[in-house]
Amino acid sequence: MMRQPQSQARQAVLTTPSYRWFLTALGGLMLAGTVSNAQAEMVHDAIETEQMTLSLERVASGLNSPWAVAFLPDGRFLVSERRGQLTLVDQAGNQQTLEGMPTVSHQGQGGLLDITLHPSFGDGEHDWIYFTWSKPDGNNSRSALSRVKWQGDSLGEIEHLFEQDRASSPGRHYGSRLAWLTDGTLLMSIGDRGVNPSRAQASDDHAGSTLRLTDTGSVPDDNPFVGADSTLDEIYSTGNRNIQGLTVRSNGEPWATEHGPRTGDELNHIKAGSNYGWPEVSLGNDYRTNEPIGVESKPGMVDSVYRFEGRFAPSGLTEVTSSAFGDWQGQLLAGGLASETLLRLQLENGNVVDEEVILDGHIGRIRDVRQGPNDAIYLLTDGGQGSLYRLQVVN
């Protein structure tokens, strides 16, 4: 049963808990400018949910169309901004832009997109930051994956690992979410690129799929279509319109939130070799005519697990892994752009059995949702004045 959250706003400046900082190395950081100098600000001190009371504070503001956040071992954050900046943020909200990122195509929905750290980040050998971006190609662009070495609070040389097989007119449906599987391989989503939806059913085209790659960008030997002449070896699943939420649960299952056509946004359990139907199967309607697109189900294609209500516009998905959230542990939190919603989804036996709206217009368009390392959920809001927020249980 859905219940609207109740909240009482209070503005106050808080001092965050002390953390172990490695700030002495910051003198060597290559900067392109300092954006702000502020401490975390309480936005809502009592958001009531069905099971607990939460607080919401703003860690950093003034971010330029932020897309993703990752957590460094020393407690600081890396935030990707769509126009091509990778920004270092400390717990007080101080921001510094790191030099050395590639020039991106930031037309429409393109730009510097998802970021994730290598699973063994911090051991010196694997201190890699992985990022997706829309790579310019003349008047067109490609969804691409690269990585850069973290070197003493600055960026080393970039290694380009993968780009989709063909360039497309820029602007829409890049996908680009990343998630590590438990075997150390990396999933990457690529949207259908928004011009020719049938590309999502073309096995010789990366568009409209998820990919599975090694940490160096090569193809794992056990990918589902390795050896199939008609299908590209990198492909893990097909028929995906535009996945912008992707997470791997503690049990190893990858789950995705996907932009459908009008009122057809989906939650899917991504399985190797599966076809999720787009555009032959859809739960949404044409934007111009409002007529249904495709059919709701078709043999040989996987039905969605859950359909979001209305025009949810999903972006950002995480599993709650912190025990601080009690019964929420193991459940999913999905962010929404147009809906400005954070939604809790409880899964049992592969089905959604409970749902609850946690945030509804509290902070605007939610672009990214991440379980943090310190018993907090972190959220990024979209737009030219985006912010990084921390959601915690009130004791």
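Residues numbered from 1 in each chain as written. Predicted model: local features only at pLDDT ≥ 70, side-chain atom pairs only at ≥ 80, totals over all residues. Heavy atoms only, no water.

In terms of residue burial, strand β25 (residues 366-371) counts as a mostly covered element, since 6 of its 6 residues are buried. Examined bridge by bridge, β25 and strand β26 (residues 377-381) share 5 bridges and lie antiparallel to one another. Considered in β26, the bridge of I366 is made with T381. Between the antiparallel neighbours β25 and β26 lie 5 residues, among them D375 with a positive phi of about 60°. (Buried < 20%, exposed > 50% of the residue type's maximum accessible area, 1.4 Å probe, protein only. Helix = DSSP H or I, 4+ residues; strand = E, 2+ residues; numbered from the N terminus. Pairing = 2+ DSSP bridges.)

Here the focus is the packing of aromatic side chains. Within this structure, the stated rule accounts for 7 aromatic pairs. Both rings, one in Y130 and one in W180, keep their centres 5.1 Å apart while their planes meet at 90°; by these two values the pair is edge-to-face. Taken together, the positions of Y130 in strand β10 (residues 128-137) and W180 in strand β13 (residues 178-180) put the pair 50 residues apart, joining distant regions of the chain. Pair check on accessibility: Y130 and W180 agree, each one buried. Here a set of aromatic residues connected by ring pairs shows up, and it is made of F71, F77 and Y378. In this structure, R241 is placed above the aromatic ring of W278, and the distance from its NZ or CZ to the ring centre is 5.2 Å. (Phe/Tyr/Trp six-rings, centres within 6.5 Å; stacked < 30°, edge-to-face > 60°. Lys NZ or Arg CZ within 6 Å of the ring centre and 35° of its normal.)

On to the confidence of the model for the protein chain. On average, the protein chain scores 91 in pLDDT, and the residues at 70 or more come to 90%. Confidence scores differ between elements of the protein chain, with strand β1 (residues 6-13) showing the lowest mean pLDDT of 32 and strand β14 (residues 186-190) the highest of 99. (pLDDT = per-residue confidence, 0-100.)

The subject of this paragraph is the sheet that holds strand β20 (residues 306-307). One open sheet accounts for 4 strands, arranged β17-β18-β19-β20; its pairing is antiparallel. Taken across any chain shown, the strands that pair with only one partner, and hence form the sheet edges, are β17 (243-248) and β20. Of the strand pairs in this sheet, strand β19 (residues 266-269) and β20 are connected by 2 bridges, and their pairing is antiparallel. Within β20, the residue paired with E266 across the bridge is R307.

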